[in-house]
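What follows is each chain in one-letter form.
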Amino acid sequence: MTLSPEPSDRRLTRVGIVAKRGLRAAADHLDQLAAWLRERQIEAVFETDTAALAGSGAATTSYSRDEIPRHTDLIVVMGGDGTLLSMATRIALTGRDVPILGVNFGSLGFLTEIRIDELYPALQSVVDGTATIDQRAMLAADAYRARELFDSRIVLNDVVFTKGALSRIIEVSVSVSTGLVTKVKADGLIIASATGSTAYNLAAGGPIVHPRVDAIAITPIAPHTLTNRPIVIPGSETIEVRPNIDVGADEVFVTYDGQAGYPLQKGDMVAVRKSERCLRLVKAPARSYFEVLREKLKWGER
């Protein structure tokens, strides 16, 4: 699997349309998008809530968020990075290779980097087969209790371990294939993909990792030892995280892409590795990765 950009070469017949729930700003654009697709003999397939947002006339076919990746060749996401993350996981779980075109409503997103005025040029490039599509590595996480697998997830950005409301800090042991890396006492721990390095990882002081770098970042959140620093490891490693929990005293939660999670128990272990699945992300036609960084992080501004 390569993480380098590659041209789109698919003939589109059905395009899925998913908007952030309740995003009224997107409603006016849904009819126009459906009409644009029909003019090119492409069927517009709406996610169920998005169809309701569009109103009568726009949506002829609709599916749930879980099902829409099974019935489309491309998904247009209207909203922010959170909406795109939820769809990325759903696509991976179907085992299909459906690209996402993310349209941002509001400030530019790291993932939803296409503005509404760039939607149709970007879509036309996909139709023409000239679009640049990034392959973004995803993470797979398996959680074990008493050595039995009890949960599996696929995420695009990160797996995060944090303290409960009444916990002062958490302590976790972090290991890779060569053995113990360290024990971390901190407010939390982030395991991030290269794509996720510009999300929670960045806010916690972790490194920015270019999405074409085959690596995983491990970043403590507010560590209680100044020598606990972020570390970047090869993407081929499996990271095992074991919470050190005193019964009745501490709580440790694991969350996946900030979308869902649960508390861990004493003796649990979560293994995180690079997934066999990847996300195909349509790039903005005239904006590089570093342009997105400069705009989002306001580099060079005083």
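Our structure is the block above this text.
What counts, and at which threshold
- Residues numbered from 1 in each chain as written.
- Predicted model: local features only at pLDDT ≥ 70, side-chain atom pairs only at ≥ 80, totals over all residues.
- Heavy atoms only, no water.
- Pairing = 2+ DSSP bridges.
- Helix = DSSP H or I, 4+ residues; strand = E, 2+ residues; numbered from the N terminus.
- 1 Å grid on protein atoms, 1.4 Å probe; cavity = no way out; pocket = protein on both sides within 12 Å on 5 of 7 lines; lining within 4 Å.
- Points joined across faces, edges and corners; volume = space filled by probe spheres on them.
- Nonpolar A, V, L, I, M, F, W, Y, C, P; charged D, E, K, R; others polar.
- Salt bridge = Lys/Arg side-chain N within 4 Å of Asp/Glu carboxyl O.
- Buried < 20%, exposed > 50% of the residue type's maximum accessible area, 1.4 Å probe, protein only.
- Contact = heavy atoms within 4.5 Å.
- Polar contact = N/O pair within 3.5 Å; in protein donor to acceptor, adjacent residues only side chain to side chain.
- Axes fitted to C-alpha atoms, helices over the stretch in contact; angles between N-to-C directions.
- Parallel < 35°, antiparallel > 145°, perpendicular 65-115°, else oblique.
- Left-handed = near helix turned anticlockwise from the far one by under 90°.

**Student:** Describe in detail the pairing of strand β18 (residues 260-264), supporting the description with residues and values.
**Tutor:** Pairing of strand β17 (residues 252-256) with β18 involves five bridges; the strand directions are antiparallel. Looking across to β18, one finds that Val 254 is bridged to Tyr 262. Linking β17 back to β18 in an antiparallel pair, the connection comprises three residues, with Asp 257 at a positive phi of about 55°.

**Student:** Residue-level account of empty space enclosed by the protein, with values.
**Tutor:** Within the structure shown, the criterion is met by three cavities of 30 Å³ or more. Reported here for the largest cavity is a volume of approximately 70 Å³. Considering the residues around the largest cavity, the lining is formed by Phe 110, Leu 111, Glu 113, Arg 136, Ala 194, Thr 195, Thr 198, Pro 211, Lys 283, Tyr 289 and Val 292. A breakdown of the residues in the lining of the largest cavity according to their chemical character gives six nonpolar, two polar and three charged. The volume enclosed by the second largest cavity comes to roughly 50 Å³. For the second largest cavity, the full set of lining residues is Ala 137, Leu 139, Ser 193, Ala 194, Val 213, Asp 214, Ala 215, Ile 216 and Lys 274. Those elements giving two or more residues to the lining of the second largest cavity turn out to be β8 (132-145) and β14 (215-221). Of the residues that constitute the lining of the second largest cavity, the class distribution is six nonpolar, one polar and two charged.

**Student:** Can you lay out the pattern of salt bridges for me, pointing to particular residues and giving the numbers?
**Tutor:** For the structure on display, the rule yields 18 salt bridges. Notably, a salt bridge pairs Glu 39 with Arg 40, separated by 3.4 Å at the nearest N-O pair. For Glu 39, a relative accessible area of 57% puts it in the exposed group. Residue Arg 40 is classed as partly exposed on the basis of its relative accessible area of 26%. A salt bridge links Arg 115 to Glu 295, with the nearest nitrogen and oxygen atoms 2.5 Å apart.

**Student:** Can you lay out the environment of Arg 14 for me, pointing to particular residues and giving the numbers?
**Tutor:** Mapping Arg 14 onto the fold places it in strand β2 (residues 14-19). C-alpha separation for the pair Arg 14 and Ala 44, spaced 30 residues apart in sequence, amounts to 6.0 Å. Excluding anything up to four places from it in sequence, Arg 14 contacts Ile 42, Glu 43, Val 45, Thr 61, Tyr 63, His 71, Thr 72, Asp 73 and Leu 74. Reaching out from Arg 14, the side chain makes a polar contact with the side chain of Glu 43 at a distance of 3.0 Å.

**Student:** How would you explain the side chain of Ser 86 if you had to name every residue and give the values?
**Tutor:** Within the element layout of this structure, Ser 86 appears in helix α3 (residues 81-94). If sequence neighbours within four positions are ignored, Ser 86 has contacts with Arg 65 and Gln 259.

**Student:** Residue-level account of the packing of helix α1 (residues 24-39) against helix α4 (residues 119-128), with values.
**Tutor:** Contact geometry of α1 with α4 gives a least axis separation of 12 Å together with a crossing angle of 25°. Comparing the axis directions of α1 and α4 gives the class roughly parallel. For the element pair α1 and α4, the recorded crossing hand is right-handed. On α4, the residues that touch His 29, Gln 32, Leu 33 and Trp 36 of α1 are Leu 119, Tyr 120, Leu 123, Gln 124 and Val 127. Among the residues forming the contact of α1 with α4, the class breakdown is six nonpolar, three polar and no charged.

**Student:** Just give me the short version of the sheet that holds strand β13 (residues 188-192), but keep the residues and values in it.
**Tutor:** Strand order in the open sheet made by the six strands is β15-β14-β13-β10-β17-β18, with antiparallel pairing throughout. Since the sheet does not close on itself, it has two edges, and those belong to β15 (231-234) and β18, each with one partner. With strand direction ignored, the average angle separating the axes of adjacent strands in the sheet is 20°. Bridge count between strand β10 (residues 158-163) and β13: five bridges; the pairing is antiparallel. The partner of Val 159 across the bridge, within β13, is Ile 191.

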